[in-house]
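Residues per chain are reported as follows:
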Amino acid sequence: MNSTSYTGVRPLTPAPLMAIADGFRVAKVLAVALEFDLFTHVSGTDGITPAELAGREGLQERPARLLLTACASLGLLDKRAGRYVNSELAEEFLVRGKRYFFGDLVTFTDRREYDAWGKLADAVRGNRPVTWDPDTAETLFDPADEQMADLFPKALHAGAVFTARAMALSLDFHPYRKLLDVGGGLGSFCGELCRHYPHLSATVFDLPFVVGMADKHLAQTSVADRVDTIGGDFFAEDLPRGYDAILLTNVLHDWDADRCATLLAKCHAALGSGGTVIVGEAFLDDEGTGPVAGAVAGLNMLVETADGANRSRAEYTAMLTAAGFTDIRRAGFVMDAPLANGALLARKA
């Protein structure tokens, strides 16, 4: 036996690197399947064959077969008696009309960020976003930008509504009666938290064009009588008062440390004595080594924002302390969620 023979010790291989390199291909499989509305069409049926998919979409059978096979390999479809049916994962999260439909976030990521991430090296070299020009626009949240005005709120809702479920099951909201959700988008967190806590009422505070969309969305929910909206700019004006808790979920990561300090100071000023601010984020670990979701989302802040960054709980704890908050505690989530991995809760003395 020569010196290069297998010894029984598992060798180091480049296979993990191949899996990383394949990431963009895997993302496209899901995005294209959603473009064909595959999972919604299959839902409630006995499944689909490559020939049937080809006939429905005007495709040749070869690409239809390859797409279905790829979806099955990713756990999105199961194959039964020669027919492809939705997996449990796809049936729950990829069928339009389902409460936790996730497809809008996938579509937004594909249409806006897929090409932008091809310019990641430019973003790293220049320390500036590649999806918009900070020299000609004040902020990426531009109502004239069709992707941001239409697709982004829907995408944010798709990720936020299940994240809100995780928060509702992980934190105790019984002590709070009135909640202000700053940068609350379509009211995803307000709606889900009020659904879990019947005593709670909530207000979405966001840009006027966003709360216009939130009003339409919330009107179709069972908690419309307990969730309202206020349009405004949280940097240009003071926050509304009269709330015993303020929620900041995936908001602070959009801004540099100075603007985070400004916003936290506004939260402190708006709360009464004993009021609580709740910060939900995809936190980095304090050592700065991960987790993957938070670290990659942090790079997305480089691609999408002028000054944003994902940060650790330790960094946000320092910001909260500087803003005058006390009794700061960490809380994890009881389940994995798309947009956050936990929260920091801090009290106004």
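The notes below deal with the structure included here. (Residues numbered from 1 in each chain as written. Predicted model: local features only at pLDDT ≥ 70, side-chain atom pairs only at ≥ 80, totals over all residues. Heavy atoms only, no water.)

**Brief notes about helix α13 (residues 292-304)**
Because an α-helix packs 3.6 residues into every turn, residues spaced three or four apart end up facing the same way.
Thought 1: The end-to-end C-alpha distance of α13, which contains 13 residues, comes to 18 Å, matching closely the 18 Å that a straight helix rising 1.5 Å per residue would cover.
Thought 2: Of all the residues in α13, the buried ones are Gly-294, Gly-298, Asn-300, Met-301, Leu-302, Val-303 and Glu-304.
Thought 3: The elements touched by buried residues of α13 are α7 (103-117) and α8 (120-126). (Helix = DSSP H or I, 4+ residues; strand = E, 2+ residues; numbered from the N terminus. Expected span 1.5 Å × (residues − 1). Buried < 20%, exposed > 50% of the residue type's maximum accessible area, 1.4 Å probe, protein only. Contact = heavy atoms within 4.5 Å.)

**Examining the sheet that holds strand β4 (residues 201-206)**
Thought 1: An order of β5-β4-β3-β6-β7-β9-β8 is seen for the 7 strands of this open sheet, with the pairing classed as mixed. The open sheet has two edge strands with one neighbour each: β5 (227-231) and β8 (325-332). Sheet twist, expressed as the average angle between the axes of neighbouring strands with direction ignored, equals 20°.
Thought 2: Relative to β4, strand β3 (residues 178-182) runs parallel, the two being bridged by 5 bridges. Paired with Lys-178 across the strands is Ser-201, a residue of β4.
Thought 3: Sheet strands in contact with helix α10 (residues 188-196) are β3, β4, β5 and β6 (245-249), and its direction is about 175° off that of β4. (Pairing = 2+ DSSP bridges. Axes fitted to C-alpha atoms, helices over the stretch in contact; angles between N-to-C directions.)

**Describing unusual backbone geometry**
Thought 1: The omega angle of the peptide bond from Gly-290 to Pro-291 is 0°, so this bond is cis rather than trans.
Thought 2: Structurally, the position occupied by Pro-291 is in the loop between β7 (276-281) and α13.
Thought 3: Backbone geometry at Asn-250 places phi at a positive 55°, although glycine is not the residue there.
Thought 4: Counting through the fold element by element, Asn-250 comes out in the loop between β6 and α12 (257-270).
Thought 5: In the Ramachandran plot, Asp-327 falls in the positive-phi region, its phi being about 50° despite a non-glycine side chain.
Thought 6: With respect to the helices and strands, the residue Asp-327 is situated in strand β8.

**Remarks on the environment of Asp-133**
Thought 1: Tracing the backbone shows Asp-133 in the loop between α8 and α9 (146-170).
Thought 2: What makes Asp-133 partly exposed here is its relative accessible area of 32%.
Thought 3: In sequence terms Asp-133 and Ala-306 are 173 residues apart; their C-alpha atoms lie 9.0 Å from each other.
Thought 4: A distance of 3.0 Å separates the side chain of Asp-133 from the side chain of Arg-128, its partner in a polar contact. (Polar contact = N/O pair within 3.5 Å; in protein donor to acceptor, adjacent residues only side chain to side chain.)

**So, the nonpolar core**
Thought 1: Counting 36 residues, the largest nonpolar core has Met-167, Leu-171, Phe-173, Leu-193 and Ile-278 as the members making the most contacts within it.
Thought 2: Secondary structure elements with two or more residues in this core: α7, α9, α10, β4, α11 (208-218), β6 and β9 (342-348).
Thought 3: The biggest single contributor to this core is α9, with 7 residues.
Thought 4: Beyond its immediate stretch of four places on either side in the chain, Phe-173 contacts Met-167, Leu-193, Tyr-197, His-199 and Ile-278. (Core = buried A, V, L, I, M, F, W, Y, C linked by side-chain atoms within 4.5 Å.)

**Structural notes on the layout of surface pockets**
Thought 1: Of the volumes computed, that of the second largest pocket is approximately 530 Å³.
Thought 2: Considering the residues around the second largest pocket, the lining is formed by 24 residues, among which Arg-99, His-157, His-217, Gln-220 and Thr-221 are closest to the centre.
Thought 3: Per-class residue counts for the lining of the second largest pocket are 7 nonpolar, 9 polar and 8 charged. (1 Å grid on protein atoms, 1.4 Å probe; cavity = no way out; pocket = protein on both sides within 12 Å on 5 of 7 lines; lining within 4 Å. Points joined across faces, edges and corners; volume = space filled by probe spheres on them. Nonpolar A, V, L, I, M, F, W, Y, C, P; charged D, E, K, R; others polar.)

**Thoughts on the pattern of salt bridges**
Where charged atoms from two side chains of opposite charge come close, those side chains can pair.
Thought 1: A full pass over the atoms with the stated rule returns 17 salt bridges.
Thought 2: Linking Asp-133 and Arg-128 is a salt bridge whose minimum nitrogen-to-oxygen distance equals 3.0 Å.
Thought 3: Judged by its relative accessible area of 31%, Arg-128 is partly exposed.
Thought 4: Lys-266 is paired through a salt bridge with Asp-238; the nearest N and O atoms lie 3.9 Å apart. (Salt bridge = Lys/Arg side-chain N within 4 Å of Asp/Glu carboxyl O.)

**Quick look at the packing of aromatic side chains**
Thought 1: Counted under the stated rule, the structure contains 9 aromatic pairs.
Thought 2: Pairing Tyr-100 with Phe-162 gives two aromatic rings, centres 5.4 Å apart and planes at 85°, and the pair type is edge-to-face. Here the residue Tyr-100 occupies a position in the loop between α6 (88-93) and α7, and Phe-162 occupies one in helix α9, the gap between them amounting to 62 residues. Considered together, Tyr-100 and Phe-162 belong to a single accessibility category, that of buried residues.
Thought 3: For the ring pair Phe-283 and Tyr-316, a centre distance of 5.9 Å and an interplane angle of 75° mean the geometry is edge-to-face. Within this pair, whereas Phe-283 is found in the loop between β7 and α13, its partner Tyr-316 is found in helix α14 (residues 313-322), the two being separated by 33 residues in sequence. Across this residue pair, the class does not change: Phe-283 and Tyr-316 are buried.
Thought 4: A connected cluster of aromatic rings, assembled from ring pairs, spans Phe-93, Tyr-100 and Phe-162.
Thought 5: When the ring centre of Tyr-243 is taken as reference, the NZ or CZ atom of Lys-178 above it lies at 5.0 Å.
Thought 6: The side chain of Arg-259 reaches across the aromatic face of Phe-235, ending 4.5 Å from its centre. (Phe/Tyr/Trp six-rings, centres within 6.5 Å; stacked < 30°, edge-to-face > 60°. Lys NZ or Arg CZ within 6 Å of the ring centre and 35° of its normal.)

**Focus: the packing of helix α4 (residues 50-57) against helix α5 (residues 61-73)**
Thought 1: For the pair α4 and α5, the least separation of the axes is 8 Å and the interaxial angle reads 120°. One element, α4, and the other, α5, form an angle in the oblique class. The way α4 lies across α5 gives a crossing that is right-handed. Touching Pro-50, Ala-51, Leu-53 and Ala-54 of α4 are Glu-61, Ala-64, Arg-65 and Leu-68, all from α5.
Thought 2: Taken together, the residues of the contact of α4 with α5 sort by class into 6 nonpolar, no polar and 2 charged. (Parallel < 35°, antiparallel > 145°, perpendicular 65-115°, else oblique. Left-handed = near helix turned anticlockwise from the far one by under 90°.)

Take it as geometry only, folks, not as evidence of what the structure does.
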